[in-house]
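Letter by letter, the chains look like this.
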Amino acid sequence: MSRVKAVLLDRDGTLVHDVPYNADPALVRPVEGAREALAELRAHGIRTGVVTNQSGIARGLLTEADARRVNRRVDELLGPFDVWALCPHGPDDGCHCRKPRPGMVLWAAGRLCTDPADCVVIGDIGSDLEAARRAGARGILVPTPQTLPEETSAAPCVAPDLPAAVRLLLGPPPGDRPPGPPPVLASDAGRPEPRRGA
Ligand SMILES: [Mg+2]
Ligand SMILES: [Zn+2]
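What counts and how
Residues numbered from 1 in each chain as written. Chains lettered and ligands numbered in written order. Predicted model: local features only at pLDDT ≥ 70, side-chain atom pairs only at ≥ 80, totals over all residues. Heavy atoms only, no water. Salt bridge = Lys/Arg side-chain N within 4 Å of Asp/Glu carboxyl O. Helix = DSSP H or I, 4+ residues; strand = E, 2+ residues; numbered from the N terminus. Buried < 20%, exposed > 50% of the residue type's maximum accessible area, 1.4 Å probe, protein only. Donors = N, O, S within 2.8 Å, 3.2 Å for Na, K, Ca; no water. Phe/Tyr/Trp six-rings, centres within 6.5 Å; stacked < 30°, edge-to-face > 60°. Lys NZ or Arg CZ within 6 Å of the ring centre and 35° of its normal. Pairing = 2+ DSSP bridges. Right-handed = clockwise from strand over helix to strand, strands pointing away. Contact = heavy atoms within 4.5 Å. Core = buried A, V, L, I, M, F, W, Y, C linked by side-chain atoms within 4.5 Å. Axes fitted to C-alpha atoms, helices over the stretch in contact; angles between N-to-C directions. Parallel < 35°, antiparallel > 145°, perpendicular 65-115°, else oblique. Nonpolar A, V, L, I, M, F, W, Y, C, P; charged D, E, K, R; others polar.

**Q** Explain the pattern of salt bridges here, please?
**A** Following the criterion strictly, the structure yields nine salt bridges and no others. Where Arg73 meets Glu76, a salt bridge forms, and the shortest distance between an N and an O atom there is 2.7 Å. With Arg73 and Glu76 both in helix 2 (residues 64–78) and three residues apart, this pair spans about one turn of that helix. Residue classification places Arg73 among the partly exposed residues on the basis of a relative accessible area of 30%.

Structure representation (structure tokens):
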């Protein structure tokens, strides 16, 4: 397995408890162990980023400024993140960025000067992992009660919570490693789709 250089995380349901179309920074609640898990990644020199669909903007349920305020609160509690990518579009807008399309993953990897193949996307639903796959990145699913069973069974890699996902991608600490080659993070990333217009 190539070294993981960046981890791109879904926001709602992965980094923070999902409050649908949240426009209120006061409602931001990190998931259990998120702070420590992110600190562990950063201590290993791994860049961190957020890739978040916010179709509530297209639906008129919140403004871009609301979303930025919520993101700023997430960054206060769990950051600093090296890159933020937000899709404000709706499902029928045909944009390149809305997950499961790969645009945000490709863009965030580019901002970090990192090959998507050296990125891991962590998310709670199938479209997070599909965006990773189409971008040529690896993916880890951390299911929530909202995750469909078929999304979990289709995922190349599943962890019970965010700290476990981070342990999985870092591998066991040195000295704790059983003899033999290091663990391989399963990946069926396949060939990235050709880039379309920005
Ligand atoms: Mg989510
Ligand atoms: Zn978009």
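Now, onward.
**Q** What am I meant to see in the environment of Gly33 here?
**A** Looking at the secondary structure, you find Gly33 in the loop between strand 1 (6–9) and helix 1 (34–43). Residues Gly33 and Leu15, 18 residues apart in the sequence, show an inter-C-alpha distance of 9.5 Å.

**Q** I'm lost on the coordination of the zinc ion (ligand 2) in this one. Help?
**A** Tetrahedral coordination by four donors puts the ideal angle at the metal at 109.5 degrees, and octahedral coordination by six puts it at 90 or 180 degrees. Looking at the zinc ion (ligand 2), the protein donor atoms are Cys87 (SG), His89 (ND1), Cys95 (SG) and Cys97 (SG), and they sit 2.0 to 2.3 Å from it. The class of His89 is partly exposed, set by a relative accessible area of 27%.

**Q** Explain the packing of aromatic side chains here, please?
**A** Working definition: an aromatic ring pair is given by the centre-to-centre distance plus the angle between the planes. A complete count under the given rule lists one aromatic pair for this structure. Aromatic pair Phe81 and Trp84: ring centres 5.7 Å apart, planes at 80°, arrangement edge-to-face. Given the relative accessible area of 8%, Phe81 is considered buried. The ring of Phe81 is capped by Arg42, whose NZ or CZ atom sits 5.0 Å from the centre of that ring.

**Q** For this particular structure, what's the right way to read the pairing of strand 2 (residues 47–53)?
**A** Each regular strand carries side chains that alternate between the two faces of the sheet. Burial analysis of strand 2 places five of its seven residues in the buried class, which makes it a mostly covered element. Two strands pair when backbone bridges link them, and strand 1 and strand 2 are joined in this way by four bridges, in the parallel orientation. The partner of Val7 across the bridge, within strand 2, is Thr48. Read from strand 1 through helix 1 to strand 2, the crossover connection turns out right-handed. Summarising the sheet, strand 2 and strand 3 (residues 83–87) pair through five bridges and their orientation is parallel. Residue pairing in the sheet places Val51 in a bridge with Ala85 of strand 3. Viewed along the sheet, the connection from strand 2 through helix 2 into strand 3 turns out right-handed.

**Q** Looking at this structure, I do not really get helix 4 (residues 126–135). What am I missing?
**A** One turn of the α-helix equals 3.6 residues, which is why residues spaced by three or four share an orientation. In terms of burial, helix 4 is largely enclosed, as seven of its 10 residues are buried. All of the buried residues along helix 4 are Ser127, Asp128, Leu129, Ala131, Ala132, Arg134 and Ala135. Buried residues belonging to helix 4 abut helix 3 (103–111), strand 4 (119–123) and strand 5 (138–141). One or two residues past the end of helix 4 sits Gly136, with phi positive at roughly 85°.

**Q** Whenever I open this one, the nonpolar core confuses me. Can you help?
**A** Considering soluble globular proteins, one finds that nonpolar side chains tend to be buried as a cluster. Among the nonpolar cores identified, the biggest contains 28 residues, and Leu15, Ile122 and Leu169 are the most heavily contacted of them. Of all elements in the fold, only strand 1, helix 1, helix 2, strand 4 and helix 6 (162–170) reach the threshold of two or more residues within this core. For this core, the leading source of residues is helix 6, giving five residues. Those residues in contact with Leu15, other than ones at most four positions away along the chain, are Leu9, Asp10, Pro30, Val31, Ala34, Leu38, Val50, Leu78, Phe81 and Leu162. In terms of nonpolar packing, the next biggest core, distinct from the first, is built from 20 residues, Leu8, Val105, Leu112 and Ala135 among them.

**Q** How should the packing of helix 1 against helix 2 be read in this particular structure?
**A** The description of two helices packed together rests on the angle between their axes and the distance between the axes. Two elements in contact, helix 1 and helix 2, have axes whose closest approach is 9 Å; the angle formed by their N-to-C orientations is 70°. Relative to helix 2, helix 1 is oriented roughly perpendicular. Two secondary-structure elements touch here, helix 1 through Ala34, Arg35, Leu38 and Arg42 and helix 2 through Glu76, Leu77 and Leu78. Here the residues of the contact of helix 1 with helix 2 are counted per class, giving four nonpolar, no polar and three charged.

Keep in mind these numbers describe shape, not what the thing actually does.
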